[in-house]
Amino acid sequence: MFSKYLEETGQKKFRINQVNQAIFRDLVSGFSEITTLSEHLRKDLNENQKFSVLQKTKHVRSKDTEKILFKTEDGKFIESVLMRHKGRKTACISSQIGCPAGCVFCATGKMGIIRNLTDREIYEQVLYWNRVLKDEYFAECEKKGEEPKWNGKNPPHEARVRNIVFMGMGEPMFNYENVISAIKFLNDDKKFGIGVRHITLSTVGIVPGIEKLLEEGLLINLAFSLHAATNELRDELVPMNKTYNLDMLMPVLDKYTKKTGRRIFYEYVVLKGKNDRPQDAHDLGKLLQHRMAHLNFIPYNVNPECGDDLITPDEPEMRIMQNILLNEYDVPSTIRMTMGDDVDAACGQLANKEDKPENKGKILSVSEGNFDPTGQA
Ligand code: SAH
Ligand code: SF4
């Protein structure tokens, strides 16, 4: 990292702050643009440091969703998505290349795990989107004939990412240290300045990871990928349930709500004929009543590689489930609009089709003891 390099080469703290300000707040697109530094230092940085570790390869846009495909330095591909709803910009970012958890409906899961992303590879996804938004803001000002009011310390709020969700490729709890380090960068006022309440980590439910997060005191939002309210059904859809089942998970999730005072978002990918029956709604109701919970129904996005027996549900079935939950158990829910379907960027579709066969990873399992859930891959 350049700040470590600057430190090691004897630069003073204020210099390092200047570089951080230029990169994270002013969003320069190269060391040469950091005009607060001497020409000599800019040259030194250009020669000895990489400005970016992710290379943009493809950028696809649709109405309110954009997807970028990045190439890593070792030639792998990762994806990241920007969603715009009502002016709010949310970046959906990846934490791993592939994922070892193997949920039956997930395209990333079908890739297996290739490797963990570094903290820098994680936060650079957000840096990229911030630069896109800054360029857009400048273009918009020019169109309107207005002078841009750009101030890196406090940029116009429409011109930066406001929310982060770890719902791209990978299971963040399997890359715990790097994800936490990236979150600290994102949260740091001198860097991205995104509040913990605007950062959501989505997990398939890795008990030691959630426990560690509790100790961390970094009170981000938690989304838990539930998908089934009984262990029997969950075992079928989410293989990780055989390692960390609902009886182990619910108490630790309760501890999380108690500590943060905030509800947990329960994600539920709806599969026609599998988990969309009224009985499933009753099971969900029994599990979630009296808990600080919000349920998100996510209609299954078709991934051909996941097989023909997985089918997108119909809306009426989901409405019936919603009504049962609300009227009989007082559990609020939403049916999540599927954003980004047309650019293959919707949740769970972030497998990269560009990847070569030799890059395919292995589907590992914690129960077989060949993947450390809290450590590095
Ligand atoms: N590994 C983490 C975060 C990444 S997955 C987790 O599982 O929570 C982010 C979300 O996308 C999860 O809720 C996941 O269940 C959902 N998802 C995966 N495949 C999907 C699909 N085919 N259709 C709709 N949502 C999907
Ligand atoms: Fe991994 Fe999440 Fe996909 Fe499951 S849904 S395979 S945990 S990325």
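What you are looking at is a predicted structure, and each value in this text was computed from that prediction instead of being measured.

### Overview of unusual backbone geometry
Now for step 1: A positive phi is found at L27, a non-glycine position, where the angle reads about 60°.
Now for step 2: With respect to the helices and strands, L27 occurs in the loop between α2 (13-25) and α3 (39-48).
Now for step 3: Given a relative accessible area of 5%, L27 falls into the buried group.
Now for step 4: If you check the backbone angles, H227 has positive phi at about 65° while not being a glycine.
Now for step 5: With respect to the secondary-structure elements, H227 resides in the loop between β9 (221-225) and α8 (231-237).

### What to know about the site of ligand 1
Now for step 1: Not every one of the 21 residues close to ligand 1 is listed here, only the nearest: F105, S202, S225, H227 and N301.
Now for step 2: Between ligand 1 and E171 there is a distance of 3.1 Å, counted from a nitrogen atom to a side-chain nitrogen or oxygen.
Now for step 3: Measuring from an oxygen atom of ligand 1, one finds a side-chain N or O atom of S202 at 2.6 Å.
Now for step 4: Coverage of ligand 1 by the protein chains reaches 97% of its 530 Å² of free accessible surface.
Now for step 5: Of all the elements in the fold, those that place two or more residues in the shell around ligand 1 are β8 (199-203), β10 (264-270) and β11 (293-299).

### Overview of the site of ligand 2
Now for step 1: Every residue close to ligand 2 is listed here: C99, A101, G102, C103, C106, G109, G170, E171 and V204.
Now for step 2: Class assignment for the residues of the shell around ligand 2 results in five nonpolar, three polar and one charged.

### Considerations on α2
Now for step 1: Spanning 13 residues, α2 covers 17 Å between terminal C-alpha atoms, matching the ideal 18 Å at 1.5 Å per step.
Now for step 2: Residues of α2 that are buried make contact with α1 (2-8), α5 (119-144) and α6 (176-187).
Now for step 3: L27 lies just past α2 and shows a positive phi near 60°.

### A word on the pairing of strand β3 (residues 77-85)
Now for step 1: Of all nine residues making up β3, eight are buried, and the element is well covered by its neighbours.
Now for step 2: By the bridge criterion, seven bridges tie strand β2 (residues 65-71) to β3 in an arrangement that is antiparallel. Looking at the pairing, E66 lines up with L82 of β3.
Now for step 3: Remark: five residues form the turn of the hairpin made by β2 and β3, two consecutive strands paired antiparallel; G75 in that turn has positive phi of roughly 75°.
Now for step 4: Where β3 lies against strand β4 (residues 88-92), five bridges are found, and the strand directions are antiparallel. What sits directly across from R84, in β4, is K89.
Now for step 5: With antiparallel pairing between neighbouring strands as the criterion, β3 and β4 make up a hairpin whose turn holds two residues, including K86 at a positive phi of roughly 45°.

### Thoughts on the packing of aromatic side chains
Now for step 1: Taken as a whole, this structure holds 15 aromatic pairs when the rule is applied.
Now for step 2: Between the aromatic rings of F24 and F185, the centroid separation amounts to 6.0 Å while the plane-to-plane angle is 50°, which identifies the pairing as tilted. Remark: F185 occurs in helix α6 and F24 occurs in helix α2; sequence separation between them is 161 residues. Across this residue pair, the class does not change: F24 and F185 are buried.

### Topic: the nonpolar core
Now for step 1: The biggest cluster of nonpolar side chains holds 110 residues, and the ones touching the most others in it are I23, I164, Y266, L284, L288 and F297.
Now for step 2: Two domains share this core, each providing at least three of its residues, namely domain 1 (1-51) and domain 2 (60-357).
Now for step 3: The contact partners of F297, leaving out residues within four places of it in the chain, are Y268, V270, L284, M318, M321, Q322, L325, S333, T334, I335 and R336.

### Observations concerning the sheet that holds strand β12 (residues 333-335)
Now for step 1: The mixed open sheet is built from 10 strands, whose spatial order is β1-β2-β3-β4-β7-β8-β9-β10-β11-β12. The open sheet has two edge strands, β1 (55-61) and β12, and neither has a second partner. Neighbour to neighbour, the strand axes of the sheet diverge by 20° on average, direction disregarded.
Now for step 2: Across three bridges, β11 lies against β12 in parallel orientation. Bridge pairing in β12 links N296 to T334.

### Regarding helix α7 (residues 207-216)
Now for step 1: When we look at burial in α7, the residues that qualify are V207, G209, I210, L213 and L214. The buried residues of α7 occupy one face: seen down the axis, they fall within an arc of 165°.
Now for step 2: Contacts from the buried residues of α7 go to α6, β8, β9 and α9 (246-260).
Now for step 3: The first or second residue beyond α7 is G217, which carries a positive phi of 75°.

### A look at the pattern of salt bridges
Now for step 1: Counted by the stated rule, this structure contains 20 salt bridges.
Now for step 2: Residue K67 pairs with E79 through a salt bridge whose shortest N-O separation is 3.5 Å. Of the two residues, K67 sits in strand β2 while E79 sits in strand β3, which places them 12 residues apart along the sequence. Of the two residues, K67 and E79, neither departs from the other in class, the shared state being buried.
Now for step 3: A salt bridge links K274 to D309; the nearest nitrogen and oxygen atoms lie 4.0 Å apart.

Cut-offs and rules
Residues numbered from 1 in each chain as written. Chains lettered and ligands numbered in written order. Predicted model: local features only at pLDDT ≥ 70, side-chain atom pairs only at ≥ 80, totals over all residues. Heavy atoms only, no water. Helix = DSSP H or I, 4+ residues; strand = E, 2+ residues; numbered from the N terminus. Buried < 20%, exposed > 50% of the residue type's maximum accessible area, 1.4 Å probe, protein only. Near = heavy atom within 4 Å. Polar contact = N/O pair within 3.5 Å; in protein donor to acceptor, adjacent residues only side chain to side chain. Areas by Shrake-Rupley, 256 points an atom, 1.4 Å probe, with all protein chains shown as cover. Nonpolar A, V, L, I, M, F, W, Y, C, P; charged D, E, K, R; others polar. Expected span 1.5 Å × (residues − 1). Contact = heavy atoms within 4.5 Å. Pairing = 2+ DSSP bridges. Phe/Tyr/Trp six-rings, centres within 6.5 Å; stacked < 30°, edge-to-face > 60°. Core = buried A, V, L, I, M, F, W, Y, C linked by side-chain atoms within 4.5 Å. Domains from an automatic or database assignment. Axes fitted to C-alpha atoms, helices over the stretch in contact; angles between N-to-C directions. Arc of directions from axis to C-beta. Salt bridge = Lys/Arg side-chain N within 4 Å of Asp/Glu carboxyl O.

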